[in-house]
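Next come the chains, spelled out residue by residue.
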Amino acid sequence: VMKVPRTPRHVFLILLASSVRAQVNPEMCRYPLGMAGGQIQDEDISASSQWSDSTAARFDNGDGDGAWCPDIMSEPGALKEYLQVDLRSLHFITLVGTQGRHADGMGNEFAQRYRIKYSRDGSNWVGWHDRRGGQVIEGNSNAYDVVLKDLEPPIIARFVRFMPVTDHSMIVCMRVELYGCEWLDGLMSYNIPDGHQMIHRGLDVYFNDSVYDGAIGLGQLTDGTWGLDDFLHSHIYSMWPGYDYVGWNNKSFPKGYVEMIFEFDHVRNFTSMKVHCNNMFSRGVSMFRQASCFFRSGSEWEADPVTFRPTSDRASQIARFVTVPLGDRTASAIKCRFHFADLWMLFSEVAFQSGSAVYNTSLTPRDDPTHKVDDSNTRILIGCLVAIIAILMTIIVIILWRQVWQKMLEKASRRMLDDELTARLAVQTQAFASHHSSLSSDAGSTSNSTYERIFPLCADYQEPSRLIRKLPEFTQFTEHLGRIKAQCHQCYGAPHYAEADIISLQETSDSNTYSIAAVHMNLFAGTDSSMREFPRDKLTFKEKLGEGQFGEVHLCEAEGMLDFLEEDLSVERNDELPLLVAVKTLREDANKNARNDFLKEIRIMSRLRDPNIVRLLAVCVDTDPLCMITEYMENGDLNQFLCSFCPLLFSYSKLIGMAAQIASGMRYLSFLNFVHRDLATRNCLVGKNYTIKIADFGMSRNLYRGDYYRIQGRAVLPIRWMSWESILLGKFTMASDVWAFGVTLWEILTLCEEQPYSQLSDEQVIENTGEFFRDQGKQVYLPRPHRCPERVYNDLMLSCWRRNAKQRPSFQEIHAQLVESMA
Ligand code: AMP
């Protein structure tokens, strides 16, 4: 087995980003290349002839049968027969193995001797010979044993042929294996001047390239063998002096340099070249003074060479690799001129490092598990990669672990909510209860809330939240309550929407909620073909009715609307006059979200048709500004209507009649499984003769957007109308609409004199919600309005606020009860 000189190992700095590779190390480069392992495919094994399947020419598979057995009888001339292996890319092959065929004692065929031919391109073939020129390799002596032979020198080839050397009397069968590693240099051949002969103290020293494989052009400079410091000695036993080196004498090169040409398998991106030089200056040998390398990708040599001057070393006579940086030049051939620094220049090895990106464009790529890169660098590289993978895995595990923990904490926080609220609210509710009795006797509101209605889609809609962030100590109610005028009263001016940090509004475990959501999706999907475009120029502005989140609402005359609708709108028809309509316009500066939401509200409304739901008549969406045209409700919204007129105008039965109409409209929505989510007097419109219609589907639209189902942050919510589960759990259902209806009924029966829980701040409303959740009898209910009979309060209003959503009445039942109570 070949010995490699014990040159001190380089410490390789492997930069992961770089693809610089060191030269091949024959000691390490001894991997089976896949005959036995199967990595060499059947189609890559061929033979000149055979009487047994050549693809079975793999090492023992147990029964000892199956081998390549050339058909020598039909084709006399043993050396013509070969078994060929195509490795698909250049490999550095250091070892071969052969085995015969025994077929469990039935056979006894093997190759006693054989030769090897190889080729790098598939057309030019050379016979391998050892360092002394011998070509025949001693093979097997029985049909069983595997015999391994070091190839000295190793070969660099893609194609290898095993050629049994036999006489005609013997039947031969072979199974083979190749050992080595991939040849990453890609060097196909080199062309160098013949080496010279030195006479040193009467001793002939031959610096010729003794293993040069001529026609295909590689030899000692690529045999993986590095010369010793003393060139007279060779690490290969009994070789002549100077054997390891190819060397030249200065005198034969008048230009002062030796020119070498290196040809590669394809265009590569060269980072460096390593030249192993002798530096025995005491005998007139020095490493080169300068190297100038030219590059060629096509047919012409590029003009600008890379020039490198190593620092000369007259201190140490150690032979060494000199690295010549090649500046990432692209080439398929390199011509280097090595300038003499002394009388002699001796090289024993040349290796090239090139970028893997280029390497990957190899002519013969193959998904080859035998793609084994030689030497310790590979192992360092693999080590680094393993370390990186380990670090990444650790990071992933930590991230997953954190997520699991977050989930567990979330769950725990929900469980703790119970205790937290109990602990914090217990004290406060006591205080609240004592204040409440005194406050509830007062009317009016001093809610000095600075909250204002904020369009829920705006950026501050969601912020990181914890549990209720602020559960402040109960504030001193130092001032409160306005005066109710004797005959007419003021509307409460406080906003109805609270910007609140809501306790994790989470997805509900109640599958019912989602099924409702699913129905909604269908309801909201698509466009309504019945909603037609109304000619904009037929609208005549009359006055501004109000302003909503999308923009202004105008009263307009719509010329020809009745004909346009082709139906009787059940309005007092006066064909002479244009129909009055309310036109809601999307403001000019609306962003894309608002625009989409406006269109979605159109889509929702276009599907709703009920006497107690405001009807969408037509749209103007072909051009901006987008408009929706709804029926005009002469008396505006119910909140303003109730509080703006003298209470004496509203008898109990009128009020209950209004509530019944709202219940009827909600009953219709409940048939559709449609959750309104913002039912309140402010969102009901009043027409002629106390007709009430439900409007404002803004919140439902948000339901469609899905962001109401999972709110984890600051939300703008009508918390005084919301059920405890909507606030605490983010659950919006028909039952939470029923809760809101109870509050709406309360508003109606108090004539909107005050806001619900007007004496409570938003925080306290949320605290009270916690009490509903705790259900320990500490929750505070809206008090019975004085116009409200006990029976209606107890049987209807309070039933809407039952903790268990399933125990709340349906709108069908509510409607029936209200109708009944009017009688
Ligand atoms: P909105 O954008 O739906 O919140 O409407 C804003 C205001 O415009 C409401 O508070 C009403 O006073 C008024 N308004 C909206 N729609 C109508 C309508 N169909 N008839 C009369 N007034 C309306």
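Refer to the structure above for everything that follows.
Structural notes, computed from the coordinates. As the structure is a computational prediction, the values presented were derived from the model and not from experiment.

Backbone-to-backbone hydrogen bonds join strands into a sheet, with any given pair of strands oriented parallel or antiparallel. In space, the 5 strands of this open sheet follow the order 19-20-21-23-22, with antiparallel pairing throughout. A strand with exactly one partner marks an edge of an open sheet, and here the two such strands are strand 19 (539–547) and strand 22 (616–620). For this sheet, the mean inter-axis angle between neighbouring strands, taken without regard to orientation, is 30°. As paired strands, strand 21 (residues 579–585) and strand 23 (residues 627–631) are joined by 5 bridges and run antiparallel to one another. For Ala 582, the partnering residue across the bridge sits in strand 23 and is Thr 630.

Before going further, it helps to spend a moment on helix 11 (residues 762–774). Every α-helix carries 3.6 residues per turn, so stepping three or four residues along brings you back to the same face. End to end, helix 11 covers 19 Å across 13 residues, agreeing with the expected 18 Å (1.5 Å per residue, within 8%). Across the 13 residues of helix 11, 13 count as buried, placing the element largely inside the fold. Phi turns positive one or two residues past the end of helix 11, at Asp 775, with a value near 55°.

Pairing geometry for strand 10 (residues 197–200) and strand 11 (residues 203–206), over 4 bridges, is antiparallel. Bridge pairing in strand 11 places Ile 199 opposite Asp 204. In sequence, strand 10 turns back onto strand 11 through a hairpin of 2 residues, with Arg 201 there showing a positive phi of about 50°.

With 79 residues, the main nonpolar core has Leu 638, Ile 662, Phe 741 and Leu 818 as its most contacted residues. Contacts of Ile 662, omitting those with residues within four sequence positions, involve Leu 638, Leu 679, Cys 684, Ile 692, Ile 694, Phe 741, Thr 744 and Ile 748. Counting residues in each nonpolar core, the second largest holds 41 residues, with Phe 264, Ala 291, Phe 340 and Phe 352 among its members.

Here we take up the packing of aromatic side chains. Counted according to the given criterion, the structure contains 28 aromatic pairs. Sitting over the face of the ring of Phe 564, Arg 532 holds its NZ or CZ atom 4.2 Å from the ring centroid. Sitting over the ring of Phe 732, Arg 677 keeps its end group 4.2 Å from the ring centre.

Here we come to the environment of Arg 309. Locating Arg 309 in the fold gives a position in the loop between strand 15 (306–308) and strand 16 (320–339). Judged by relative accessible area, which is 57%, Arg 309 ranks as exposed. A sequence separation of 18 residues divides Arg 309 from Ala 291, and the C-alpha atoms of the two residues are 6.4 Å apart. Look past the residues within four positions of Arg 309 in its chain and what remains in contact with it is Arg 289 and Gln 290. At a separation of 2.9 Å, a polar atom in the side chain of Arg 309 contacts the side chain of Gln 290.

Rules used throughout
Residues numbered from 1 in each chain as written. Predicted model: local features only at pLDDT ≥ 70, side-chain atom pairs only at ≥ 80, totals over all residues. Heavy atoms only, no water. Pairing = 2+ DSSP bridges. Helix = DSSP H or I, 4+ residues; strand = E, 2+ residues; numbered from the N terminus. Axes fitted to C-alpha atoms, helices over the stretch in contact; angles between N-to-C directions. Expected span 1.5 Å × (residues − 1). Buried < 20%, exposed > 50% of the residue type's maximum accessible area, 1.4 Å probe, protein only. Core = buried A, V, L, I, M, F, W, Y, C linked by side-chain atoms within 4.5 Å. Contact = heavy atoms within 4.5 Å. Phe/Tyr/Trp six-rings, centres within 6.5 Å; stacked < 30°, edge-to-face > 60°. Lys NZ or Arg CZ within 6 Å of the ring centre and 35° of its normal. Polar contact = N/O pair within 3.5 Å; in protein donor to acceptor, adjacent residues only side chain to side chain.

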